[in-house]
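Listed below are the residues making up each chain.
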Amino acid sequence: MNRQDYRREAHRAADWSADYLETVESLPVRPSLAPGAVAARLPAAPPEEAEPMDAIFADLDAVIVPGMTHWQHPRFFAYFPANSSPPSVIAETITATIAAQCMLWQTSPAATELETRVLDWLRGMIGLPDGFHGVIQDSASGATLAALLAAREKALSGGGNRDGLAAHAPVRVYASAHAHSSIDKAVRIAGIGDANLVRVPVAGPRFAMDTAALEAAILADRAAGLVPAAIVACLGGTSVGACDDVAAVADVAERHGLYLHVDAAWAGSAMICPEFRGFMAGAERADSLVLNPHKWLFTNFDLSAHYVKDPAALTDALSLKPDYLRTLGADGQVDYSDWSVPLGRRFRALKLWFVIRAYGVARLREMIRAHVRLAEEIAGWIADAPDFELVTPPMLSLFSFRYAPAGASDLDALNARLIERINADGRIYLTQTRHEGRFVIRFQVGQTTTERRHVAEAWAVIREIAHGLEAG
Ligand code: PLP
C-alpha cells in the first residue's frame, strides 16, 4: 500500500468507525450464531496474491460485524463494561501508527514520561495519596500476578527466584470468597498453587472478608510453618460487587507483615467521584492497587493502572537486565518493563491522556455518576415489581435480580431460561452469576452512550420476555 492509498484507506477506516458508532444501536447486542458460523465463511487458506481493500472492507461488513458482540452498544448490560470513547479510539489509531515498542525509557522517552505523568494524574483523581507510583499493565490479571510475584519474593527474601519454590515452605495468599478468578490464576502462575490460596468467608451487607477469620487463618498457617505472604482485598467483586473493608484488612496485613494488594479493577474508576471514596477507605495503606480504566473510564482495552508503594519490591521480583537491554549513558531512568511480566509494551498512556484532556475530570465524574444513577433507577423499578426480586442492591452501577412470580417452583431454571431468551432476542445483553446458592441475573450500567431510554427499554424487554415465558 503506497502513501496515497494509505491516506485514502485510513480516511475510509475513520468514516467506517464513525458510521459504526452511529449505527451500532440498531444491531443486536450479541449475535445469535451457531458456533463455527463465522469460521465457515472464512477461506481455509490465505490469499496468495494481494486482495483489494474494497473486498476486505466488504467482508468486514458481511462476515465479521454480524459475528461480533457489540461492547460499545448502549444496551450492553452484561459482565462489566469495557467502555471506550472517540478520543480514546483516535489515540489508539495514533499509537498503532507510531507503533513504538516502549519497553525501556530509551525506546521511547515520551511514552515513559507520559505514562509517569498521566498515572500520577489518575492517582490524584482517585484520591490515592502521594507515595504511590503507577505503571500501566496489560490487564488487572497481569497487575495482580506482578503484585503476587513481588509479595512472594518479599516473603521469601528473594528465595523463590533464587532457589525455586521447592526449597521453601509453602507461600500463602488470602482473598475473600468473592475475589476474582484472576487471583486464582496469578497464584497458579506464580507457582504458589491452588492449595495455598486461602478463601476467607465473607459477612455483612457488602460481602466483606471476615477479618477475624482472616487473622485466624494467618496465625494458624504461621504456626504450621507456612509462609503467609499476601492478602488480596476485593473492591467491587465481579459477581455482585462485594467490597472488603480495606482498612480492617490493612490492620491485619500490618499486624502480620503481609503484602496487601487491592483489586479495584472495575470499581476503581468510580473513585474519581469523591462521594464514592468511602468504599476505598484504607486503600492508602495498601502496598498496591489495580484499577482498569479499560473497564469504566472510557479508555479502550487494554489499560490497567497498577499503583505500588515500593517499586523496588516489583523490580526486585521482575527485573532482568541482560547486556542487550542496558541503556548506555542514561542510567537511572525508569524502564517500565522492569515493573511487569512482559518485556514488550505498547504506548498505552497516550489514550488515557487523550481521554482525560478531551473530557476533563469534571465531565468524567458526571459520566460515572450518570451510570450509577441509572442503575439505581432500574433497580428501584425491579424492587417495586411484585413478580421480580432485587437480590443484591446496587453497588455503584451493578446489582442483581431474578424473576420470581408467585407459585413458580424452580426459580433457578426459570431465570436460566429467561436470560437465554433475553440474549437470543438481542435487544439487550445480560449475564448471570450464582449468589448464595441461587442463580441470579446481573445488571450493570457502564456504556459510554447509555441513556435513560436504553435502561427503560431494558426493563421493558425483561418484563416482556419474562411474562412470555409462562406461555411456554
Ligand atoms: N478483577 C475484577 C474484580 C474483575 O472484574 C476483572 C474482570 O472483569 C478482573 C480482575 C480481570 O481483569 P482483566 O481482564 O483486566 O485481567
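Heads up: the structure comes first, above all this text.
Values in this document were obtained by computation on a predicted structure and should not be read as measured data.

Cut-off values and rules
As a convention, each chain's residues are numbered from 1 in the sequence order in which they are written. Where local features are concerned, this predicted model is filtered to residues with pLDDT of at least 70; where side-chain atom pairs are given and counted, the filter is 80 or more; whole-chain, interface and lining totals use all residues. Working from all heavy atoms in the structure, the side-chain values ignore hydrogens and water. Strand pairing is assigned whenever DSSP identifies at least 2 bridges connecting the two strands. Strands here mean DSSP runs of E at least two residues long; helices mean DSSP runs of H or I at least four residues long; both are numbered from the N terminus. The axes are straight lines fitted to the C-alpha atoms, using for helices just the contacting stretch, and the angles between their N-to-C directions are given from 0 to 180°. Two residues qualify as a contact provided that any one of their heavy atoms is within 4.5 Å of a heavy atom in the partner residue. One side-chain nitrogen of Lys or Arg within 4 Å of one carboxyl oxygen of Asp or Glu is enough to make a salt bridge.

Now for the sheet that holds strand β3 (residues 197–200). Here seven strands make up an open sheet; going across it, the order is β1-β9-β8-β7-β6-β2-β3 and the pairing mixed. Each of the sheet's edge strands pairs with one partner strand only, and the pair in question is β1 (133–137) and β3. Strand-to-strand, the axes of this sheet are offset by a mean angle of 20 degrees, without reference to chain direction. The pairing of strand β7 (residues 259–263) with strand β8 (residues 288–291) spans three bridges and is parallel. Considered in β8, the bridge of Val262 is made with Leu289. Lying over the sheet, helix α7 (residues 181–189) contacts β2 (171–176), β3, β6 (227–234) and β7, oriented at roughly 160 degrees with respect to β3.

Summed over the entire model, instances satisfying the criterion amount to 33 salt bridges. Across the pair Glu366 and Arg369 runs a salt bridge, and its minimum N-O distance is 3.0 Å. On the criterion of helical spacing, the pair formed by Glu366 and Arg369 is a turn pair, its members being three residues apart in helix α13 (residues 361–384). Arg434 is the salt-bridge partner of Asp412, the closest N and O atoms lying 2.8 Å from each other. One end of the pair, Asp412, is in helix α14 (residues 411–425); the other, Arg434, is in strand β12 (residues 431–435), with 22 residues separating them in the sequence. Salt bridges sharing common partners tie together Asp5, Arg8, Glu9, Arg12 and Asp54.

Omega for the peptide link from Phe301 to Asp302 comes to 20 degrees, which places this bond in the cis form. With a phi close to 55 degrees, Phe207 is a non-glycine residue in the positive phi region. Looking at the secondary structure, you find Phe207 in the loop between β4 (202–203) and β5 (208–209). Of note in this structure, Leu396 is not a glycine but carries a positive phi near 55 degrees.

In short, the description is geometric, and any link to function would need to be established separately.
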